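So you can see what is in the structure, the chains are spelled out below.
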Amino acid sequence: MNAIHIASSAPAFAKGKKTLAAEDFDLYCTALSALCWRKFNGEITLCCDSRYAEYYRMIGFTDVWNGINVCVADDLEGIDPLMFWAGGKLLALREVSAPVVMLDTDFIVWKTLNFGSEIIAAHRENISDGIYPPLGFFRAGTHIIPDFSEDVLPLNTAFFYVPDNDFKEFYTGQAIAFMKSAAKRDDYLKYMVFAEQRLAAMCADYTGTPVKTLLDKDNLFYPQSDFTHLWGAKQVMRDHPELRGDFLQKCRKRLLTEFPEYAYIAEIINSLNGE
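Treat the numbers as computed from the prediction; the structure is a model and nothing was measured.

What counts and what doesn't
Residues numbered from 1 in each chain as written. Predicted model: local features only at pLDDT ≥ 70, side-chain atom pairs only at ≥ 80, totals over all residues. Heavy atoms only, no water. Helix = DSSP H or I, 4+ residues; strand = E, 2+ residues; numbered from the N terminus. Contact = heavy atoms within 4.5 Å. Polar contact = N/O pair within 3.5 Å; in protein donor to acceptor, adjacent residues only side chain to side chain. Buried < 20%, exposed > 50% of the residue type's maximum accessible area, 1.4 Å probe, protein only. Pairing = 2+ DSSP bridges. Core = buried A, V, L, I, M, F, W, Y, C linked by side-chain atoms within 4.5 Å. Phe/Tyr/Trp six-rings, centres within 6.5 Å; stacked < 30°, edge-to-face > 60°.

A.B. asks: Please clarify how the environment of Trp65 should be interpreted in this entry.
C.D. replies: Relative to the elements of secondary structure, Trp65 occurs in the loop between α3 (50-59) and β3 (67-70). Linking Trp65 and Ala31, residues 34 residues apart in sequence, is a C-alpha distance of 8.4 Å. Not counting chain neighbours up to four residues away, the residues in contact with Trp65 comprise His5, Thr30, Ala34, Arg38, Ile44, Thr45, Leu46 and Tyr56. Side chain to side chain, Trp65 and His5 meet in a polar contact 2.9 Å long.

A.B. asks: What should I look at first to understand unusual backbone geometry in this one?
C.D. replies: The omega torsion across Ala98 and Pro99 is 5°, close enough to zero to call that bond cis. Inspection of the secondary structure puts Pro99 in the loop between α4 (87-95) and β4 (100-103). The phi dihedral of Leu76 falls on the positive side, at around 55°, and the residue is not glycine. Notably, Glu77 is not glycine yet its phi reads approximately 55°, a positive angle.

A.B. asks: Can you help me understand the pairing of β4 in this one?
C.D. replies: Along any regular strand, the residues point their side chains to alternate faces of the sheet. Here β4 shows two buried faces, one formed by Val100 and Met102 and the other by Val101 and Leu103. Relative to β4, strand β1 (residues 3-7) runs parallel, the two sharing two bridges. Following the sheet pairing, Ile4 is matched in β4 by Met102. Alignment of β4 against strand β7 (residues 155-162), held across four bridges, turns out to be antiparallel. Residue pairing in the sheet places Met102 in a bridge with Phe160 of β7.

A.B. asks: What's the story with the nonpolar core in this structure? I'm lost.
C.D. replies: Most often, soluble globular proteins have nonpolar side chains that are buried together. Formed by 50 residues in total, the largest nonpolar core has its most connected members in Trp37, Tyr56, Phe61, Phe159, Leu255 and Ile265. Here this core gets ten residues from one element, more than from any other, and that element is helix α2 (residues 24-40). Sequence-distant contacts of Trp37, defined by excluding residues within four places in its chain, comprise Met1, Asn2, Ala3, Gly42, Glu43, Ile44, Val101, Leu103, Val109, Leu113, Phe115 and Phe159.

A.B. asks: Explanation requested: the packing of aromatic side chains in the structure shown.
C.D. replies: Describing an aromatic ring pair means giving the distance of the ring centres and the angle of the ring planes. Considering all chains together, one arrives at 26 aromatic pairs under this definition. Relative to Tyr161, the ring of Phe115 lies with its centre 4.8 Å away and its plane at 50°, an arrangement referred to as tilted. A residue pair is termed long-range when its members are at least 10 positions apart, and Phe115 in the loop between β5 (107-109) and β6 (119-124) and Tyr161 in strand β7 qualify at 46 residues. Among the residues examined, Phe115 registers a relative accessible area of 25% and is labelled partly exposed. A residue is classified by how much of its surface remains accessible, and Tyr161, at 3% relative accessible area, is buried. Seen in terms of ring centroids, Phe138 and Phe178 are 5.5 Å apart; in terms of plane orientation they differ by 90°. Their pairing is edge-to-face.

Structure follows, in structure tokens:
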């Protein structure tokens with residue numbers, strides 16, 4: 001099964017950064033995510049903008065993927081990169097052919113999966129006003145189909161298998177239209193997760209496309225052997241150097257044990273961090 005990683009520099013540059021510099025744990029997780037996908041499930045392409053393509057070429061990282069597709073606009077086609085920091089994911093998904101898996105770089109699949117005609121997401125999420133408010137929260141004039149159900153639970157798209165082009169085009173079309181029509185707001189989280197995750201569930205429900213998940217939303221924090229998703233652990237590692245060091249050591253050991261031909265990746269990461 002073909003998969004895509006996605007990298008967009010627009011959010012970082014909108015915050016004032018002048019150059020790209022991925023963190024060590026991100027680089028390890030990206031490499032293991034790509035290499036494990038290739039080992040167990042198929043090919044994986046990095047879909048990115050021109051700045052990320054140059055960055056990964058410059059540091060010598062490109063061989064972890066089967067290829068690089070520069071298909072994300074540096075300016076996100078005018079979509080606000082602060083409000084919609086993951087907007088590049090929707091733009092990239094629009095440009096590739098289904099069936100395809102959209103895989104976050106911090107999500108690792110450690111086994112072979114089976115694919116069919118169902119959408120597969122990482123897990124469902126609960127609806128709460130703090131993250132997923134009622135549709136009336138969004139300002140008038142924002143693109144949302146009136147018949148979308150507010151009751152369907154959002155889909156976490158850290159892993160998102162899209163089985164056919166009809167659904168892919170409908171979902172990305174709705175999400176991109178929403179992002180382009182949204183008025184400027186400071187509440188970025190609610191807008192981004194609506195565009196990416198709640199709309200995914202609403203579009204599936206609206207089109208009658210069946211959905212299954214890899215994980216049970218009520219058991220996400222139990223030990224998982226088949227999947228790794230960093231997500232909130234990133235900030236924990238930034239705040240706790242000892243945990244960061246332990247994680248890096250485990251990643252390095254896993255990389256050298258399972259992918260010894262990519263040992264140079266560990267050396268690249270060490271050199272970038274002055275080790």
